[in-house]
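Notes for the structure review
Each chain is listed here by its residues.
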Amino acid sequence: MRRSSPLELFIVGLAIVFVILAWRFSGGFHAVPGLGHAKNAPSRLYARLTIDYAHPPIFQEQYSMQDIDGLSTFNYRIRGYNCRLVTIQAPEGHTYDVSFFFGGLDQDGIWQLTNQAPLPHAAATYTVYVKQVADFKQGDRTVVFTDPNYWATHGPHREVQLDLSKGDGDNILRMSAPSPDPRYLKIIDDFRTFGPDEFRRNVAAAQTRAKENACH
């Protein structure tokens, strides 16, 4: 049998010493600080669109979605001036519909939208609400406006400055010009087209039912 040389025995002994020292200084094997904290961080998404109509046949529509730690649910409600209320409720489930939808709202600029003054004779008022809780931080936003088509094609008026001279800073022309913002229409379209085909078919059927019959 081959005997270990003194050099080999020295290397093995040195390795054992390093292992013992590493164990003592590290306090034993343990989870990396903060890893469990991030893993247990709550993840919650909320989105809601409420549309209040000024004239019949529809009184109010509302789309509502939420995702709580991966468990999603969403519903649609519509009330007609005929006193009929119809609700479409999707069962809770571990789906990605709401999380993908929320990501679309983020891409389309929901956090940058601002309230707009009501337009005269507006047919409806739109109220969009979103809230996100992630990594122990949260943010929410409520935006109210009328006629998203108008804001997408005309937009609010913003001041534009034109320098009419190269040397005299006083020769500046200030004027107001419309600035179209398609994000208002995109956000509403996101809500309108949300959900699987079956959900959208049920929404269309609910809209028809809410318009039927007079209020007694």
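Before going further, it helps to spend a moment on the nonpolar core. In terms of nonpolar packing, the biggest core is built from 36 residues, with Met65 and Phe191 touching the most fellow members. It is strand β1 (residues 44-53) that contributes the most residues to this core, five residues altogether. Setting aside residues no more than four positions away along its own chain, Met65 makes contact with Leu45, Tyr46, Ala47, Thr73, Phe74, Val98, Phe101, Phe191 and Phe194.

This part covers the packing of helix α3 (residues 97-107) against helix α5 (residues 183-192). Relative to each other, α3 and α5 sit at 170°, their axes nearing to 10 Å. The orientation of α3 with respect to α5, classified from their angle, is roughly antiparallel. Mapping the contact onto sequence places Phe101, Gly104 and Leu105 in α3 and Ile187, Asp190 and Phe191 in α5. Split into classes, the residues belonging to the contact of α3 with α5 amount to four nonpolar, one polar and one charged.

One open sheet accounts for six strands, arranged β4-β3-β2-β1-β5-β6; its pairing is antiparallel. The open sheet has two free edges, formed respectively by β4 (85-89) and β6 (137-146), since each of these has just one partner strand. Neighbouring strand axes in the sheet, compared pairwise and without regard to direction, differ in orientation by 5° on average. Pairing of strand β5 (residues 124-134) with β6, which is carried by ten bridges, proceeds in the antiparallel orientation. Paired with Tyr129 across the two strands is Thr142, which belongs to β6. Contacts between α5 and the sheet are confined to β1, β2 (58-68), β5 and β6, with β1 contributing the most and set at about 100° to the helix. With respect to the sheet, helix α6 (residues 197-210) is in contact with β2, β3 (71-80) and β4, its orientation differing from that of β3 by roughly 20°.

Okay, the pattern of salt bridges next. Counted according to the given criterion, the structure contains four salt bridges. Note that Arg183 and Asp181 form a salt bridge whose closest N and O atoms lie 2.9 Å from each other. Residue classification places Arg183 among the partly exposed positions, given a relative accessible area of 27%.

Criteria and cut-off values
- Residues numbered from 1 in each chain as written.
- Predicted model: local features only at pLDDT ≥ 70, side-chain atom pairs only at ≥ 80, totals over all residues.
- Heavy atoms only, no water.
- Core = buried A, V, L, I, M, F, W, Y, C linked by side-chain atoms within 4.5 Å.
- Buried < 20%, exposed > 50% of the residue type's maximum accessible area, 1.4 Å probe, protein only.
- Helix = DSSP H or I, 4+ residues; strand = E, 2+ residues; numbered from the N terminus.
- Contact = heavy atoms within 4.5 Å.
- Axes fitted to C-alpha atoms, helices over the stretch in contact; angles between N-to-C directions.
- Parallel < 35°, antiparallel > 145°, perpendicular 65-115°, else oblique.
- Nonpolar A, V, L, I, M, F, W, Y, C, P; charged D, E, K, R; others polar.
- Pairing = 2+ DSSP bridges.
- Salt bridge = Lys/Arg side-chain N within 4 Å of Asp/Glu carboxyl O.

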